[in-house]
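Residue-level structural notes
Below are the chains, spelled out letter by letter.
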Amino acid sequence: MELHQQILQYLLSGFSTGAIYALIGFGFAIIYNATTIINFAQGEFVMLGGMLSYFFLSVVHLPLPAAVVLAVLATTAVGIAFERLAIRPLKNATPLSLVIITIGGSILIRGLTMLIWGKDTHALPSFSGSEPIDIGGATILPQNLWIFGITIVIIVVNKLFFNYSITGKAMRACATNRRAASLVGIDVRRMVLFSFVISSAMGSMAGIIIAPLTMTAYDVGIMLGLKGFCAAIIGGLSSGFGTVLGGLLLGVLESLGAGLISSGYKDAIAFVILLLILFIRPQGLFKKADSERV
Amino acid sequence: MLRLEGITQVFGGIRALEDVSFTVNGGSITGVIGPNGAGKTTLFNVISGLYTLTSGNVYLDDRTITGFPPEKLAPLGVVRTFQNIELFGQMTVLENVMVGLHTKSTSGIIACAFKLPGHLREERIIRERARHWLDFTGIGELAGTVAGSLPFGKGRLLEIARALALEPRIILMDEPAAGLNSRETADLAGLIGRIREAGITVVLVEHDMELVMDICDDILVLNLGRKLAEGTPREIQENPAVIAAYLGEG
Amino acid sequence: MKREIVKFLILALLVLVVPLLLKGGYLMNVLVFVGINTMLAVALNLLLGFAGQISLGHAAFFGIGAYCSGILTATFGLNPWHAMAVAACAGTVLAFVVGFPILKLKGHYLAMATLGLGIIVYIVFNEAVNLTGGPSGLSGIPNLSVGKTVFDSDTKNYYLIWGFTLATILLSLNLAHSRIGRALRAIHDSEVAARVMGVNARLLKVRIFALSAFISAVAGSLYAHTMTFLSPASFGFNFSVELVTMVVIGGLGSIYGSLFGAVLLTLLPEMLRTFQDYDIVVYGLILILMTMFMPGGLVRGIPAMIGAVSARRGNGGNEHA
C-alpha cells in the first residue's frame, strides 16, 4: 500500500473511532452543563451498552435490534439510578467529594459487571456483514458506516432537541444560569435527571456500535470514557460542534500515531493531548477565552 | 499614600470602572460609597490584585503596585477583608489569626517538619501576637472555637483581627458593617478608630451612611464606574451631583 | 502538644511490639505492605486532605520511585541506597516540573489531569520494555543492606519499612502543626483569603505536591527492594484510586486517619481472601457511602456517632426521669 493510501486508511479509521469519542464527549458535556459535575462514571455507561447488548443477544438470544434497544434502556435505568442515589442526595457538595463519589460509582458499576458477567472479553457481531468495502485503495467495514450513520443521526437529533424542544431549551437555560432558570419556573432537578438520561443513553449507544469492531469487556469503560472526556475538553465542554471536531481530531491523531509512530503508545497520545490542552487552553480549542469575573 | 491613576476595568464589553483617580492620605479613614453596581467592590478587587486591570496604575507611596497579586501585596502591608467574610472555616479562631502572621515568619517545609529551634521560637511569637490581635478586636475568649461556627458578627471581627495580624500599613474593608446590628456597628466604629490610632490607614466600602459620615475623613463617591465626587463628609453631603445620584435622578 | 507526643510514642511502641506477638509468619509480610501503604496514604493526604488538591495519579510517583530504584540496581548495578536517593529525586523533580501547570487547574480538571498523568506513566512502564521489562516485569532487584545486615526477611523488612513509616508520620504531624500546615489548610478553606494573608498559594501547592511525590517515590524504592520484583500492574489507575480511598476512609486532613485507612484497606482484602474479586466493588461502595454519610472519615465520624448516640440516650433518660 502506498503512503497516501495508508494515510487515507488511517484517516477513515480515525474518523470512525473519533465519532465514538465525540458521542461519549457529548455525554460529559451534557451532564457538566446541567450540573458542573464531570461524571467519572460516563465511561461505564459506554461499557454497559456493549456488555448488555452482548448479554441480550448471546445469552438471552434476542434479535439484534431488540437487544440494542433493551441495552440502551437498561443503561439509561442505571444512569437514572445513579443520579437518584448518589448525585441528588448531595447538597452543597464540594468538587472534591463529587469527584470521589462519581469515581466510586464508576468502580462500583465496573465491579458489579465483572461479578455478574466475568472478566472475559466478548465480541458482538457486526450489524450487517463484514465484507470490506474499497474506497480509493483504503478499505472500510460496513460497521464503520453504521458508526458514521448512527453518530450523525444522534448529533442531529441532539441539535434539534436542544434548539427546538421546550425541555431542551430549559436544559440550556439551566446550563447558562441555574438560579435564573429556577426563578422562571424550570425544575432544575428534573433537568439534571434528564441530563443523566440523555448522556447514559448516548454513551451506551456509543458502546454498542463500537463493540463489533473492538470487542467489549467489563473494563473498556475507563479508556473510552477518558478519551471521550478528552474530546469534550478539546471542544471546550460544549455539547455542540466543538466536541465533534474534538472527537474526530483525537481519533485521527491516535490512528496516525499508532500507524506511523508506535501502536504501543497509542493510548498515551490522547492523554498527552489532554494534558497539553488543559495546560495551554483549558477553555478548549474552539472557544474564545472569557474574561472571568472572580 | 495609596494613589490610583486612571483605573479602568472592562469585563467583556462592560465598563465596570472608567478612569478613576484618587489619593488616600496616610493615617486617614477613607470611605468609598455609591449606589449598587457603582464599582466599589471592583475597585477593591483591582487594588488587592484579584483582577488584572485593563488600564491605569496603582501606587503605594511612590512605588507602583499595579497588577501585584495579593500574596505580593501582603508583605508590603496592603490587606483587605471581604464583603461575604472569607474565613478559614475548618480552623480555630486562633489558627485563623496565626495564618495572618504568615508573612511574619520564614520557616520552610524542612524547618517545620524537623521542628528546628528557630521554627519553635517563631511559633511561640506567632501565637503570642495572634492572641494580642484577638484581644485587640475583643474576641480573645473565642480563641479555641472553630471559625466556621462563629455567629456572623464575630466572624467579621475575626476577619479584621486576621488582617491586622499582618501589621498592615493599609487595610481595605469591604462593607464591614453589613449584617451587623446597631450595637455591633457602634462597636465596629470604635474598633476602626483604634485601628487608625495604631497607625494603620483605613479604606472602607460601606452602605451605612451614618457610619461613613461619622468616622471618615475623606469620601470617594462612585457612580456607574466613574468618580462622581470626592471630599470631606460635609462637602459630599452638600454635593448636588451626589444627592441627585442617590435620589435616582442622575 | 504533650498528648501528641504520647500518642506517637504509643504508636511507636505498638510497632515495636507487634512482631514479638506474631512471631514471624504470613501476617508479617502483610504488615510490610501496610507500612508502605501508610507512607503513601500520608503523602497523598498532605496534598488531598491539607491543601485540598486531588491527585488521581499518585501511583505514578510510587511507580517511578520503584522502577528507578529497580532499574538502577538490577540493570546498572548501583548501590540500593544510592538508587533510592536518585529515585526520590526523580519523583520530586517530575512533580515539581509538572506541578506548576497541573496545579493551576482546579476540581474536576485537576482530577482528570492527574489521572491522565498517571496513565501516561503507566503506559510507559508497559511499553519501555528495554528498561522496565514491560508487562512481564523486572526481576533481580537486590535487597537493601546496612553493614552486614541484609534486609531479606519479612521481619527485617518490617522494621526497616516501619522505621521509614514512623518517620513519615512524625514529620507530617510536625508539618501539620506548623505555619506550613496552617497555610495549606487555609488554601483549602479559602484560597483567596490565604493569598490576601500573603500565602503564595501556587508555589506552596507545588511544593507540597513535590514533597508528596518525594515520600511516594521513597516508598516505591522501598517496595522495589523488598519485593525484588516489579510489574506495571502494581502502579495502575486502580492503585491510585485505592490510595484516595485510604485517605478518604481515614479522614481528609488527619495523619492518623491515613494510617488507619491504610491498615484497614490493606488488611481487609487479605482477610476477605475468599471474596477476592469483590474488593473493587467494596472500594466503590466505601467511597460513595463515606462521602455521603461520613465526609470527615472514620477518625472523626465514629467519635461523632458515639457522641450522637450517647446524647440521644442522655436525652431519653431525662425524659423518663
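Sequence order as written defines residue numbering, which begins from 1 separately in each chain. Labels follow written order: the first chain is A, the first ligand is 1, and so on. Local features in this predicted model are restricted to residues whose pLDDT is 70 or higher, and side-chain atom pairs enter the listing and the counts only when it is 80 or higher, whereas totals over whole chains, interfaces and linings include all residues. Values reported for side chains reflect all heavy atoms of the structure, with hydrogen atoms and water molecules removed beforehand.

Take the pattern of salt bridges next. Once their charged atoms are close, side chains differing in charge can pair, the charge on each being opposite to the other. A pairing counts as a salt bridge when a side-chain nitrogen of Lys or Arg comes within 4 Å of a carboxyl oxygen of Asp or Glu. With the rule as written, the count across this model stands at 21 salt bridges over all chains. In this structure, the salt-bridge partner of B:Arg15 is B:Glu18, at a minimum N-O distance of 3.6 Å. Partly exposed residues are those whose accessible area sits between 20% and 50% of the maximum for their type, while under 20% is buried and over 50% is exposed, using a 1.4 Å probe and protein chains only. By relative accessible area, which is 46% here, B:Arg15 ends up partly exposed. A salt bridge links C:Glu4 to C:Lys7, with the shortest nitrogen-to-oxygen separation between them at 4.0 Å. On the criterion of helical spacing, the pair formed by C:Glu4 and C:Lys7 is a turn pair, its members being 3 residues apart in helix H1 (residues 2-22). Given a relative accessible area of 22%, C:Glu4 falls into the partly exposed group. The network of salt bridges with common partners includes A:Lys227, A:Glu254 and A:Asp267. Here a strand is any run of E in DSSP of at least two residues, a helix any run of H or I of at least four, and the numbering for each starts at the N terminus.

The next thing to look at is the sheet that holds strand S7 (residues 170-174) of chain B. Residues and elements named next belong to chain B. Two strands qualify as a pair provided DSSP detects at least 2 bridges between them. With respect to topology, 6 strands assemble into an open sheet ordered S6-S7-S8-S3-S9-S10, the strand pairing being mixed. Of all strands in the sheet, those bounded by a partner on one side alone are strand S6 (78-80) and strand S10 (226-231). On average, each strand axis in the sheet is inclined to that of its neighbour by 15 degrees, with strand direction left out of account. Bridge count for S7 against strand S8 (residues 201-205) is 5 bridges, and the pairing is parallel. All axes are obtained by fitting lines to C-alpha atoms, using only the stretch in contact for helices, and the reported angles, taken between N-to-C directions, cover 0 to 180 degrees.

In this structure, A:His61 takes a positive phi of about 60 degrees despite not being glycine. Along the chain, A:His61 turns up in the loop between helix H2 (42-59) and helix H3 (64-87). The phi angle at C:Thr228 is positive, at roughly 60 degrees, despite the residue not being glycine. Within the secondary structure, C:Thr228 is located in the loop between helix H10 (201-227) and strand S4 (229-230).

Residue-level contacts link 45 residues of chain A with 39 residues of chain C. Note on chain A versus chain C: buried area summed over both sides is about 3,500 Å², and carbon and sulfur give 86% of it. Between chain A and chain C we count 0 salt bridges in total. Polar contact is defined as a pair of N or O atoms within 3.5 Å, subject to the rule that within protein one atom must be able to donate a hydrogen and the other to accept it, and that residues adjacent in sequence are counted only when both atoms are side-chain atoms. Inspection of the region where chain A meets chain C yields 0 residue pairs in polar contact (both at pLDDT 80 or more). Taken together, the elements giving at least two residues each to the side of chain A that touches chain C come down to helix H1 (3-35), H3, helix H4 (95-117), helix H9 (221-234) and helix H11 (266-280) of chain A. Of all the elements, H4(A) adds the most residues to the side of chain A that touches chain C, at 17 residues. Residue contacts follow a heavy-atom distance rule, with two residues in contact if any of their heavy atoms lie within 4.5 Å. Values labelled buried area give the accessible surface lost by two parts on being combined, using a 1.4 Å probe and summing over both.

Our focus in this paragraph is the packing of H9(A) against helix H10 (residues 241-260) of chain A. Residues and elements named next belong to chain A. Interhelical geometry of H9 versus H10 gives an angle of 125 degrees and a closest axis separation of 7 Å. One finds that H9 runs oblique with respect to H10. Relative to H10, H9 is oriented so that their crossing is right-handed. Contacts from Lys227, Cys230, Ala231, Ala232 and Ile234 in H9 reach Thr243, Gly246, Gly247, Leu249, Leu250 and Glu254 in H10. All residues other than Ala, Val, Leu, Ile, Met, Phe, Trp, Tyr, Cys, Pro, Asp, Glu, Lys and Arg, Gly among them, are scored as polar; the first ten of these are nonpolar and the last four charged. For the contact of H9 with H10, the per-class residue count stands at 6 nonpolar, 3 polar and 2 charged. Orientation labels follow simple angle bins: below 35 degrees gives roughly parallel, above 145 gives roughly antiparallel, 65 to 115 gives roughly perpendicular, and whatever is left gives oblique. Two helices cross in a left-handed way if the nearer one is turned anticlockwise from the farther one by less than a right angle. They cross in a right-handed way if the turn is clockwise.

Attention shifts here to the packing of helix H8 (residues 179-189) of chain C against H10(C). The axes of two packed helices give the description: the angle between them and the distance between them. Residues and elements named next belong to chain C. Following both chains from N to C, one finds H8 and H10 inclined at 115 degrees, their axes separated by 11 Å at the closest point. Taken together, the axis directions place H8 and H10 in an arrangement best described as roughly perpendicular. As for the relative orientation of H8 and H10, their crossing is left-handed in sense. Touching Ile180, Ala183, Leu184 and Ile187 of H8 are Ala201, Leu204, Lys205 and Ile208, all from H10. Per-class residue counts for the contact of H8 with H10 are 7 nonpolar, no polar and 1 charged.

To continue, consider a nonpolar patch on the surface. All names here are of chain A. Among the surface-exposed residues, Phe241, Leu245, Leu249, Leu253, Leu285 and Phe286 lie close enough to one another that they form a single nonpolar patch of about 540 Å² accessible area. Relative to the assigned elements, Leu253 resides in helix H10. Given the relative accessible area of 38%, Leu253 is considered partly exposed. Only residues whose relative accessible area exceeds 30% and that form no salt bridge enter a patch; like-charged residues are grouped when within 9 Å of one another, and nonpolar side chains (Val, Leu, Ile, Met, Phe, Trp, Tyr) when within 5 Å. Values of accessible area rely on a 1.4 Å probe in the Shrake-Rupley scheme; residue burial ignores everything except the protein chains shown.

All names here are of chain B. Of note, Ser28 is situated in the loop between strand S2 (14-24) and strand S3 (29-33). Side-chain polar atoms of Ser28 contact the side chain of Thr30, separated by 3.3 Å. Contacts of Ser28, omitting those with residues within four sequence positions, involve Arg196, Thr201, Val202, Asp217 and Asp218.

All names here are of chain B. Spatial strand order, S2-S1-S4-S5: 4 strands in an open sheet with antiparallel pairing. A strand with exactly one partner marks an edge of an open sheet, and here the two such strands are S2 and strand S5 (63-64). Both strand S4 (residues 55-60) and S5 contribute to a ladder of 2 bridges, which runs antiparallel. Along S5, the bridge assignment pairs Leu60 with Arg63. Packed on one face of the sheet, helix H1 (residues 40-47) meets strand S1 (2-11), S2 and S4 and runs near 110 degrees to S1.

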